[in-house]
Amino acid sequence: MSLAQTERAIPNDLEAYWLPFTPNRAFKAAPRLITRAKDMHYYTPDGRAVLDGTAGLWCTNAGHNRDPIVKAISAQAAELDYAPAFQFAHPKAFALASRIATLAPGDLDHVFFCNSGSEAVDTALKIALAYHHVRGEGSRTRLIGRERGYHGVGFGGISVGGIVTNRKFFGTLLAGVDHLPATYNREQQAFTKGEPDWGAHLADELERIVALHDASTIAAVIVEPMAGSTGVLPPPKGYLQRLRAICDKHRLLLIFDEVITGFGRLGHAFAAERYGVIPDLITFAKGITSGTVPMGGVIARAPIHEAFMRGPEHVVELFHGYTYSAHPLACAAALATLDLYRDEDLFARAKRLEPIWADAAMGLKDLPHVLDIRTLGLTAGIDLAARPDAAGRRAYDAMVKAFHDENLVIRVTGDTIALTPPLIVAESEIADMFERVARVIRAVA
Ligand SMILES: Cc1ncc(COP(=O)(O)O)c(C=O)c1O
C-alpha cells in the first residue's frame, strides 16, 4: 500500500495496533479511547469527562495539558527540534541537569539522560558495573534486585525485577542476579497508613546474599523505595536505612529506582529525602516532564562520576547513550514542569494531602472482598479477593466498570487497584474519587 493509501485507511480500524501490557482482544471488543485531557480529566470521543485517578501511568504529576508546559514544548519545537546527543549538546540539557542535581539530596549531582524508566534502570545498572570496572574491581558483577520489584522491561530491568509474569516468558535473563525478599506481609501489615512497623529485618537478607556470593562479586543493589507497580508496597520503617548500612559495609552501590516516587509522589522531590537515605544512583522518568514528552535519567553521586573522569581526555568515558538522550523537547518540557512544581508548591501539596488521602482510602476498608489497603504519599493500593479460578478478573472488571460507568481511570495489577492521582487533585476530588471506587468495588462483589 502506498503512503497516500495508508492515509485514507479507515481511521477506526483497531487491528494493526498491538497494545502494550493490555489484553488486546478484550480491549478491541470494547475499547477505552481517550482523545483529549485537561488538568484532572480525560475526555472520550463522545465528550465524557473522565477523572484521572492514576496520573496517567504515575506520570502526569502536574495534571494534564498545563499551559506553561504546552507552551514550552511548542516554542522548543519551533526553535530547535533536535541536536546530536553524542559529541554535541544544547543549552537546555545543561540547565536541566543542574536543576535536577540541585533538587537531589546530598552529592547526587551528575545527571545522565535517556528516554524512559526502563532505559534509566538499564543505564544505572551499566553505570554500576562500569564504575567497579574503572576502579579496578571488575569482579563486582552481580546485581541484587527484590521479589515483586518492577524496574521496567529491558533485559536488565526484568532480570533484577521480581514480577514473575514479566520474566518467565523471556529466557534466562541476565546471569548473576539474586533477589531480596519482598517486604510485604499481610498478616503483619494489613490496613497500615504509611510505612508499616513490621519488616525492617528483611533488609538483613542482604547479609545472607553477601555471605553466599561474597561482597567482592556484587556490584549493586536496586530497589524501588516504594514498590509501585506490584501494587503499592510502602517500605517498612527503618528498612531502607538498614539496606544503606549493609551496602556501605560491603561497598555495594545502592540504587533507588525513583521512576514513580520521584517528583512529588511521596511529598518530596525524591523518596530518598523522605527517608533520609542517600543512594549512590537514582533513576527517574515519568514525573520529570509530567508525562508530556518521554524522558528518563540517572542521577549519580559525585565520587561515581569522578571515577570515570580519568584517562585521556579525548576518549569517551562511558560507552553508553541514546540518540534521544536529553532531547530538546523533553528538556524544554522538563524545565517548564519543574517551574510548575515550584510555583504551585506541588510536592508540599502532596505532603499536606497525604493524611486526607489516607483517611479517604481507608474508608473503603469494610467493602466486600477488600483484603488490604495501603497508602503512602498520594498513592493507594487496594487488594481485592480474587474470583475463584479467575485471578485478576475482579480487578479487571473493576477497571472496565470504573471507566465506562463511573467516568474514572484506575490502574489494576493482579487483583489490586492502584490509585495515584495528579498532585493537583482537589480535596473534593479525593472524596469523589473514593466514592466512585467504592461503587465499583460493590459492583464487582
Ligand atoms: C519503578 C519503575 N521503574 C521503571 C519503570 C519503567 O518505566 P518505563 O515504562 O518508562 O520504561 C517503571 C514504570 O512504571 C517503574 O514504576
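Basis of the calculations
- Residues numbered from 1 in each chain as written.
- Predicted model: local features only at pLDDT ≥ 70, side-chain atom pairs only at ≥ 80, totals over all residues.
- Heavy atoms only, no water.
- Phe/Tyr/Trp six-rings, centres within 6.5 Å; stacked < 30°, edge-to-face > 60°.
- Helix = DSSP H or I, 4+ residues; strand = E, 2+ residues; numbered from the N terminus.
- Buried < 20%, exposed > 50% of the residue type's maximum accessible area, 1.4 Å probe, protein only.
- Lys NZ or Arg CZ within 6 Å of the ring centre and 35° of its normal.
- Salt bridge = Lys/Arg side-chain N within 4 Å of Asp/Glu carboxyl O.
- Contact = heavy atoms within 4.5 Å.
- Core = buried A, V, L, I, M, F, W, Y, C linked by side-chain atoms within 4.5 Å.
- Pairing = 2+ DSSP bridges.
- Axes fitted to C-alpha atoms, helices over the stretch in contact; angles between N-to-C directions.

Honestly, the packing of aromatic side chains in this entry has me stumped. Any pointers?
By the definition in use, this model includes eight aromatic pairs. For the ring pair Phe-263 and Tyr-341, a centre distance of 6.4 Å and an interplane angle of 20 degrees mean the geometry is stacked. Remark: Tyr-341 occurs in helix α14 (residues 328–343) and Phe-263 occurs in the loop between β8 (253–257) and α12 (271–275); sequence separation between them is 78 residues. For the residue pair Phe-263 and Tyr-341, the accessibility class agrees, reading buried in each case. Cluster of aromatic residues (ring-pair linked, three or more members): Phe-113, Phe-263, Phe-270, Phe-284, Tyr-341 and Phe-347. The lysine or arginine in question, Lys-365, covers the ring of Phe-191, its NZ or CZ lying 5.0 Å from the ring centre.

What's the story with the pattern of salt bridges in this structure? I'm lost.
Should the charged atoms of two oppositely charged side chains come close, the side chains can pair. All chains considered together, the criterion is met by 29 salt bridges. Between Glu-354 and Arg-274 there is a salt bridge, with the nearest N and O atoms lying 2.9 Å from each other. Of this pair, Glu-354 sits in helix α15 (residues 346–362) while Arg-274 sits in helix α12; the two residues are 80 residues apart in sequence, bridging distant segments of the chain. Of the residues examined, Glu-354 reaches a relative accessible area of 16% and is grouped as buried. The partner of Asp-397 in a salt bridge is Arg-387, and the shortest N-O contact between them spans 3.2 Å. Of this pair, Asp-397 sits in helix α16 (residues 393–406) while Arg-387 sits in the loop between β12 (379–384) and α16, and the two are 10 residues apart along the sequence. Relative accessible area serves as the criterion here: at 24%, Arg-387 is assigned to the partly exposed category. Within the structure, one salt-bridge network assembled from shared partners comprises Asp-107, Arg-244, Asp-248, Asp-280 and Arg-301.

What should I look at first to understand the side chain of Thr-289 in this one?
Position of Thr-289 relative to the elements: it lies in the loop between β9 (281–284) and β10 (296–301). With a relative accessible area of 1%, Thr-289 lands in the buried category. If near-sequence neighbours (up to four positions away) are discounted, Thr-289 is found in contact with Met-295, Ala-330, Ala-333, Ala-334 and Thr-337.

Explain the nonpolar core here, please?
A general trend in soluble globular proteins is that nonpolar side chains are found buried together. Formed by 98 residues in total, the largest nonpolar core has its most connected members in Leu-96, Leu-206, Ile-382 and Ile-410. No other element matches the nine residues that α14 contributes to this core. Judged by nonpolar contacts, the second largest core, of 23 residues, contains Leu-125, Ile-255, Ala-300 and Ile-304.

Mind showing me how you'd approach the sheet that holds strand β15 (residues 416–419) here?
Here we have four strands laid out as an open sheet, ordered β11-β12-β15-β14, and antiparallel in their pairing. Whereas interior strands pair on both sides, the edge strands pair on one side only; in this sheet they are β11 (370–376) and β14 (411–413). Within this sheet the neighbouring strands show an average axis-to-axis angle of 20 degrees, counted without direction. Pairing geometry for β14 and β15, over three bridges, is antiparallel. Looking across to β15, one finds that Thr-413 is bridged to Thr-416. Here α16 sits on the sheet and contacts β12, β14 and β15; the angle it forms with β14, its principal contact strand, is near 170 degrees. Across the sheet, helix α17 (residues 427–443) touches β11, β12 and β15, and the angle it forms with β12 is around 10 degrees.

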